[in-house]
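Observations on chain architecture
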Amino acid sequence: MLAVLCWGIFKLLSPQNFGTPKLMSDYLQTSIQYAVGGCGLYFIVVMGLFDFSIGANIVLSSMVGVLLSRNFGYLGLIGGTLITGALIGAFNGIFYSKLKIPSMIVTVGLMLILESVANYVVGLDTSGFPGKLTKASILAFNHAPWNYVAAFAAFALMVFVLRFTRIGTYCNAIGSNELVAKNMGINVEKYKFIGFVLLHFFVGIMALLTVSYGKGILAVTGMTSMDRNFKPLMGTFFGIAFKKYGCPVTAIVIGEFIITMIFNGLVALDVPTTINDFVTGAVLLAIVTLTNRGKRGSVVK
């Protein structure tokens, strides 16, 4: 209902520049990239953690995937992005568990490290087009149906983990009450580590879709990659807000689609970028606040 309402408002205000079938397809293909990242973020956000290195992982995994694709084609592109993403997740999880400091502080430092490594990888690409997918033969994930296949495989994996494994159950239990979870015998540190690995494996899939959709990616420095963190996080907020009504995957996907429609709708209305960001953030806060309201007469402890 929220998605239909959002579409109707912008279609009424800008009938020529918003909401055509072609544009809606473009919005969906963009939003599923963020939704994949949002699904990964769910595993740690539900436990009260956060990771600022997601954007840097997207850049580095994409760079490695592109570099390996020069010699190994799809095997290098897919393996490079997914394996690099998962390894970075394991690296982050180990650092968090060993340093015993807040996840935000750890991952800010790791973000700077990963940005530096991505710039080093650029120097290894002697093709003259670092970070660019120059071969038309490896652009299947640039468009339908293969980008949808990759995204929906990620969504199916999240559903399976949440509903049919102890990982999903324990992540939710730790998020609800970590002390009680420990007293029940759950190895909290182990499942936080697994949460980081799962997050960055999903980020690896997001990197595959992102670099394919844009036909390349640029290495950045100075925390510039942080901008890539927030749209997946918005989808995660939707998933957490609506999880009491069913599987959070659906809410994450629809939430990202709504955010993408709002952003593009404001662009169609020629609204400045600063106002666009303000409105998108305000709408997100309003929706999450309304859906997270407790029942009448409930007790908050």
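Up top is the structure.
Procedures and definitions
Residues numbered from 1 in each chain as written. Predicted model: local features only at pLDDT ≥ 70, side-chain atom pairs only at ≥ 80, totals over all residues. Heavy atoms only, no water. Helix = DSSP H or I, 4+ residues; strand = E, 2+ residues; numbered from the N terminus. Rg over C-alpha atoms; globule rule 2.2 N^0.38 Å. Buried < 20%, exposed > 50% of the residue type's maximum accessible area, 1.4 Å probe, protein only. Contact = heavy atoms within 4.5 Å. Areas by Shrake-Rupley, 256 points an atom, 1.4 Å probe, with all protein chains shown as cover. Core = buried A, V, L, I, M, F, W, Y, C linked by side-chain atoms within 4.5 Å. Phe/Tyr/Trp six-rings, centres within 6.5 Å; stacked < 30°, edge-to-face > 60°. Lys NZ or Arg CZ within 6 Å of the ring centre and 35° of its normal. Patch = residues over 30% accessible without salt bridge, like charges linked within 9 Å, V, L, I, M, F, W, Y side chains within 5 Å. Salt bridge = Lys/Arg side-chain N within 4 Å of Asp/Glu carboxyl O. Axes fitted to C-alpha atoms, helices over the stretch in contact; angles between N-to-C directions. Parallel < 35°, antiparallel > 145°, perpendicular 65-115°, else oblique. Nonpolar A, V, L, I, M, F, W, Y, C, P; charged D, E, K, R; others polar.

1. With respect to the overall build of the chain
Within the chain one finds eleven helices and zero strands. Mapped from its N terminus to its C terminus, the chain presents α and β elements in the order α-α-α-α-α-α-α-α-α-α-α. For the chain, whose C-alpha radius of gyration is 19 Å, the value lies close to the compact-globule estimate of 19 Å for 301 residues. Per-residue burial over the chain gives 50% buried out of 301 residues. Taking contacts inside the chain between residues at least 6 apart in sequence as the whole, the part at least 24 apart equals 80%. Total accessible area on the chain stands at roughly 14,700 Å², and carbon and sulfur atoms take up 69% of it.

2. Remarks on the nonpolar core
V36, L41, F43 and M158 are the most contacted members of the largest nonpolar core, which has 67 residues in total. Residue assignment for this core shows that the elements contributing at least two residues are α2 (21-45), α3 (54-99), α4 (103-124), α5 (146-164), α6 (166-176), α8 (188-213) and α10 (248-268). With 14 residues, the top contributor of residues to this core is α8. Residues within four places of L41 in sequence aside, it is in contact with F50, I54, L199, N229, P232, L233 and T236. Ranked by size, the runner-up nonpolar core spans twelve residues in total, among them M24, F257, I258 and A268.

3. Quick notes on the environment of A153
Here A153 is to be found in helix α5. Separated by 52 residues in the primary sequence, A153 and I205 place their C-alpha atoms 9.7 Å from one another.

4. A closer look at the packing of aromatic side chains
Scanning the model with the defined rule gives 13 aromatic pairs in all. Relative to F202, the ring of F43 has its centre 6.0 Å away and its plane inclined at 40 degrees; by these criteria the two rings are tilted. In this pair, F43 sits in helix α2 while F202 sits in helix α8, placing the two residues 159 residues apart along the sequence. The class of F43 is buried, set by a relative accessible area of 0%. Taking the ring centre of F263 as reference, the NZ or CZ of K231 above it sits at 4.2 Å.

5. Regarding unusual backbone geometry
Here A144 and P145 are connected by a cis peptide whose omega angle stands at 5 degrees. You can see P145 is positioned in the loop between α4 and α5. Backbone geometry places K100, a non-glycine residue, at a positive phi of 60 degrees. Structurally, K100 can be placed in the loop between α3 and α4. For M223, which is not glycine, the phi torsion reads 65 degrees and is therefore positive.

6. Looking at a nonpolar patch on the surface
Among the surface-exposed residues, F91, F95, L99, I101 and I105 lie close enough to one another that they form a single nonpolar patch of about 420 Å² accessible area. Position of I101 relative to the elements: it lies in the loop between α3 and α4.

7. Looking at the environment of A56
Relative to the helices and strands, A56 resides in helix α3. Between the C-alpha atom of A56 and that of M158, which follows or precedes it by 102 residues, the distance is 22 Å.

8. So, the packing of helix α1 (residues 2-13) against α10
When two helices pack together, their arrangement is given by the angle between the helix axes and the distance between those axes. Interaxial distance between α1 and α10 falls to 10 Å at its minimum, and their mutual angle equals 10 degrees. The angle between α1 and α10 falls in the class roughly parallel. Facing α1, whose interface residues are L2, A3, C6, W7 and F10, α10 presents I254, I258, M261, I262, G265 and L266. Partitioning the contact of α1 with α10 into residue classes produces ten nonpolar, one polar and no charged.

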